[in-house]
Amino acid sequence: MFDEIPVRDVAAWTALIIGHVQNAEPAKSLKCLRDMYEVGEDAQKPNVRTWEGGFLACGNLGAAGEGACLHGVVIKQGVASFLQSSVLDMYSKCGVPREAYRAFCEVVHKDLLSWTSIIGVCARFGMMGECVKLYREMQENEIRPDGIVIGCMLSGFGNSMDVSQGKAFHGVIIRRHYVDAEKVDDLLLFMYCKFGMLSLAERIFPMCRGSGECWNFMVFGYDRIGENVKCVELFREMQCLGIRSDSIGVVSAVASCARLGAVNLGRSIHCNVIKGFLDGNISVTNSLIEMYGKCGNLTFAWRIFNRSQRDVVSWNTLISSHVHIKQHEEAVNLFNKMVREDQQPNTATLVVVLSACSHLASLEKGERVHGYINESGFRLNLPLGTALVDMYAKCGQLQKSRMVFDSMMEKDEICWNAMISGYGMNGYAESALEIFRQMEESNVMPNDITFLSLLSACAHAGLAEEGKYVFARMLSYSLSPNLKHYTCMVDLLGRSGNLQEAKAMVLSMPISPDSGVWGALLGHCKTYNQVEMGISIATYAIDSEPQNDGYYIMLANLYSSIGRWEEAENVRRTMKERCSMGKKAGWSLL
C-alpha cells in the first residue's frame, strides 16, 4: 500500500516506521527512517512521532550506536526536548546505564515511566547503590512506585546477591503496603531463592501458590542450596497438579537428579520435557546431557547432543561428562572435533581438556592445547593458568610448570597448591617448602590442602623436622588437622623411625583414628621389627574398630613372627566370631 502512494507525506512514512516496530521488525523500521531522511523534502521530514518510532526500534534492537546517532540528529534539529522520555527509554533498553542516566537528568518532567526506566537499567547491571539512591529521590519527588519498580528493585537485589539491602527493602514493602501484591510476592520469593534463604522463601510460597512462576522458583531454590530430594519432590508435585514447568524448573530438577544419581527419575523428566515441547530449549538439553553424562549413560548424552542445537556449553558439558567417568582420551578427542567444526572453545573448555591431559599424563596432548591457547589469543587468567601449572607438573615438566606459574600476575590458594603439589609428587620436597614460604610472603592464606601436600612431600622425602614444622604451622592459620593430615604425620614419623612419637600422636588425637592412621603405624612397626609395640597398637585398633578384619590379620601375623602360635590362632578365631564376613579370600591374576 505504501509503495502505491504517489506522494508520500510524513504521516505515511511514520505509519510504516511504527508499524514495523509494532510487528517486531525494528531493523526494517530503521531502514525506512533512513530512506525517509535521505529524501529530504519538507513534506517528508521526520516529526516527533517519527523519531519516537526510530528510538523504539533502536531500543528493541539493543542498537546503542544507532540510537546515539539519532540522538545527535534530534539535538541538531532542536527537537530533543520533546523526545527526552524516548531517548531515556532507548538507552535503558540498550543497557548503557551511563548514557541512560545522562538522558534521565535531561528530562524536565520526570514521570513514573522515566523513574522506572532508569531504575530498571541500573538494577539490570547490579548497580544497587544507585538504585536505592534513585528510589529515595523518586519518593522525595512524590512519585509512588508501582509493581514494576518494586519488581526491578527485587530482581536487582537477587541478581547482585545483596542480602542485607534486599531484606531491608522487603521491610519497606511491608510497611508501605505496596500494590500488586501477587507479583511482589513472586519476586520476593525469587529474591530469597537466589539468596539461598529457603526458610524465608517457604514462608512466602503459600501466598503465591497459584502462580506457575512461583513453583518453578521454589524448585530452583531447592536445587541452588543442594536440597535435591525436596527439589525433585516439589517438581513431581507440580506435574501432579498440572502446573506447567518452565526451563528454570526443568533445569533445576534435572540437575538434582544428576546429583542424586537418579537416572530413571531423570528419564521421566526427559519425557515430560518432550511432551511440553521444551526439548528445543538449549539450557534444558544441556542439563539433560549433563545428567546422563554424570550418571554414566553417555549413549543418551550423545543422542541428545547430536539431535539438538549446540552451543559452547553443550560441548563443555559432554567433554566434562567424559572426564567425569574417566574417559580422558575421548574427552581430548571431542575437544579436537569441536575445534575442527569451528566451534570456538571458551576458558571453561580449555580448563576441562587440560584436566583430561593431566589425568593422561600426556605431555604431547597438553602442549598441543597450550599451543592452541597461545594461537587463539586467550588471556592466561587464573583458572587457565592453574590448569596449565597442574598439567605440566603431572606430566613431570616442572620447569615448564614453574614458568607458567611465575608468569601469572594473579595467584590464589588453588594455584599455589598446584605448584606445591607438583613439586611434592615429583620428589622435590625442598622446592615445595620454598614455594610455601613464598605463598606466606604473598599474603595468600594456605588451606588444609596446602598442608596436606606439604606433609605428603615431607613424608616421601624423609624430612621429619620440616614436616613437624609444617604440621605446627597449621595452628597459626586456625586450621584443625583432619585424618589425612594425621595419617601423613604418622607415616612421616614412622618412616624416620620415630615410632614412639608416632604412637603418642595417634593416642592423643582429638578425633578417632581410622584404618589409614592405624595401618600406617602398624606397617612401620612391622618394617622396623617392633613386634611388641605392634601388638599393643593392633589391640588399640581392634578396640576402636572391631569389625575390621585387617587389624586381626596384622596382629595374628605379629604373634606368628615371634612364635606365639596359640595367641595367633586365638586372634583368628576372634576375627571369625566378630567379623560377619570372616577373612576375605585372597586371589591372584596369575
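Scoring rules and cut-offs
- Residues numbered from 1 in each chain as written.
- Predicted model: local features only at pLDDT ≥ 70, side-chain atom pairs only at ≥ 80, totals over all residues.
- Heavy atoms only, no water.
- Helix = DSSP H or I, 4+ residues; strand = E, 2+ residues; numbered from the N terminus.
- Rg over C-alpha atoms; globule rule 2.2 N^0.38 Å.
- Buried < 20%, exposed > 50% of the residue type's maximum accessible area, 1.4 Å probe, protein only.
- Contact = heavy atoms within 4.5 Å.
- Areas by Shrake-Rupley, 256 points an atom, 1.4 Å probe, with all protein chains shown as cover.
- Lys, Arg positive; Asp, Glu negative; His and termini not counted.
- Charge placed at Lys NZ, Arg CZ, Asp CG, Glu CD.
- Phe/Tyr/Trp six-rings, centres within 6.5 Å; stacked < 30°, edge-to-face > 60°.
- pLDDT = per-residue confidence, 0-100.
- Axes fitted to C-alpha atoms, helices over the stretch in contact; angles between N-to-C directions.
- Parallel < 35°, antiparallel > 145°, perpendicular 65-115°, else oblique.
- Left-handed = near helix turned anticlockwise from the far one by under 90°.
- Salt bridge = Lys/Arg side-chain N within 4 Å of Asp/Glu carboxyl O.
- Nonpolar A, V, L, I, M, F, W, Y, C, P; charged D, E, K, R; others polar.
- Disulfide = S-S within 2.5 Å.
- Expected span 1.5 Å × (residues − 1).
- Arc of directions from axis to C-beta.

Observations concerning the overall build of the chain
Along the backbone of the chain there are 34 helices and 0 strands. Computed over the C-alpha atoms, the radius of gyration of the chain is 33 Å, more than 25% above the 25 Å expected from 2.2 N^0.38 for a compact globule of 590 residues. Here the C-alpha coordinates of the chain stretch approximately 120 × 55 × 50 Å along the principal axes. With 590 residues in all, the chain has 47% of them scored as buried. Counting contacts in the chain only where the partners sit at least 6 residues apart, residues at least 24 apart contribute 59% of the total. Counting only carbon and sulfur atoms, one obtains 52% of the accessible surface of the chain, whose full area is about 29,700 Å². Side-chain charges of the chain comprise 57 positive and 64 negative groups, with the mean position of each set lying 4 Å from the other.

Structural notes on the environment of Asn 557
On the secondary structure map, Asn 557 appears in helix H33 (residues 549-561). Relative accessible area serves as the criterion here: at 34%, Asn 557 is assigned to the partly exposed category. For the pair Asn 557 and Val 531, spaced 26 residues apart in sequence, the C-alpha to C-alpha distance is 9.8 Å.

Examining the packing of aromatic side chains
Aromatic rings in a pair are described by how distant their centres are and how their planes are angled relative to each other. Enumeration over the complete set of coordinates arrives at 16 aromatic pairs. A centroid spacing of 6.1 Å and a plane angle of 50° characterise the contact between Phe 451 and Tyr 477, whose relative ring orientation is tilted. On the criterion of sequence distance, the pair formed by Phe 451 in helix H27 (residues 448-461) and Tyr 477 in the loop between helix H28 (464-476) and helix H29 (483-495) is long-range, its members being 26 residues apart. The pair formed by Phe 451 and Tyr 477 is uniform in burial state, with each residue classed as buried.

Things to note about the confidence of the model for the chain
Where the model shows low pLDDT, its predicted coordinates should not be examined in detail. Confidence in the prediction of the chain, expressed as mean pLDDT, is 87, and 97% of residues score 70 or more. The model gives residues 585-590 a pLDDT under 50, and that stretch makes 0 contacts with residues more than four places away or in other chains.

Examining unusual backbone geometry
With phi around 60°, Ala 24 is a residue other than glycine that occupies positive phi space. Examined against the element boundaries, Ala 24 turns out to sit in the loop between helix H1 (10-22) and helix H2 (26-39). The phi dihedral of Glu 142 is positive, around 60°, even though this residue is not glycine. In this structure, Glu 142 sits in the loop between helix H8 (128-140) and helix H9 (147-160). The class of Glu 142 is exposed, set by a relative accessible area of 74%.

Observations regarding the packing of helix H30 (residues 499-507) against helix H32 (residues 531-544)
Put simply, H30 and H32 touch, their axes get as near as 12 Å, and they point 10° apart. Accordingly, the angle class assigned to the pair H30 and H32 is roughly parallel. For H30 against H32, the interelement crossing comes out left-handed. Here H30 contributes Leu 499, Gln 500, Lys 503 and Leu 507 to the contact with H32, which in turn contributes Met 533, Ser 536, Ile 537 and Tyr 540.

Describing the side chain of Arg 402
With respect to the element layout, Arg 402 can be found in helix H24 (residues 398-407). Apart from the residues lying within four places of it in its own chain, the contact partners of Arg 402 are Met 419, Tyr 423, Glu 434, Ile 435 and Gln 438.

With respect to the environment of Ala 123
Inspection of the secondary structure puts Ala 123 in helix H7 (residues 112-124). Relative accessible area serves as the criterion here: at 5%, Ala 123 is assigned to the buried category. Between the C-alpha atom of Ala 123 and that of Gly 156, which follows or precedes it by 33 residues, the distance is 4.4 Å. Among residues more than four places away in sequence, those in contact with Ala 123 are Met 128, Cys 131, Cys 152 and Gly 156.

Points about the side chain of Lys 503
Secondary-structure assignment places Lys 503 in helix H30. Glu 532 provides the closest opposite charge to the buried, unpaired Lys 503, separated from it by 9.8 Å. Those residues in contact with Lys 503 that sit more than four places away from it in its chain are Leu 521, Met 533, Ser 536, Ile 537 and Tyr 540.

Digging into the packing of H9 against helix H10 (residues 163-176)
With their axes 9 Å apart at the nearest point, H9 and H10 run at an angle of 155° to one another. In terms of orientation, H9 lies roughly antiparallel with respect to H10. As H9 packs across H10, the resulting crossing turns out to be left-handed. For the pair formed by H9 and H10, the contact residues are Ile 150, Met 153, Leu 154 and Phe 157 on the first element and Gln 165, Gly 166, Phe 169 and Ile 173 on the second. When its residues are assigned to classes, the contact of H9 with H10 shows 6 nonpolar, 2 polar and no charged.

So, the state of the cysteines
By definition, a disulfide is the covalent link that joins the sulfur atoms of two cysteine residues. Going through the model one piece at a time under the given rule, you end up with 0 disulfides. Considering cysteine sulfurs only, Cys 58 is the nearest to Cys 69, which forms no disulfide, with 8.6 Å between them. Its relative accessible area of 54% is what places Cys 69 among the exposed residues.

Concerning helix H26 (residues 429-441)
Over its 13 residues, H26 extends 19 Å from the first C-alpha to the last, a length consistent with the 18 Å expected when each residue adds 1.5 Å. Among the residues of H26, Ala 429, Ala 432, Leu 433, Ile 435, Phe 436, Met 439 and Glu 440 are the ones counted as buried. Buried residues of H26 fall within an arc of 160° about the axis and therefore sit on the same side. With respect to the buried face of H26, the exposed residues turned more than 90 degrees away are Glu 430 and Glu 441. Contacts from the buried residues of H26 go to H24, helix H25 (413-425), H27 and H28. Looking one or two residues beyond H26, the residue adopting positive phi is Asn 443, at roughly 65°.

Details of the environment of Met 90
Residue placement: Met 90 occurs in helix H5 (residues 84-94). Judged by relative accessible area, Met 90 falls into the buried class, the value being 0%. Between the C-alpha atom of Met 90 and that of Leu 61, which follows or precedes it by 29 residues, the distance is 9.6 Å. If near-sequence neighbours (up to four positions away) are discounted, Met 90 is found in contact with Phe 55, Cys 58, Gly 59, Gly 67 and Ala 68.

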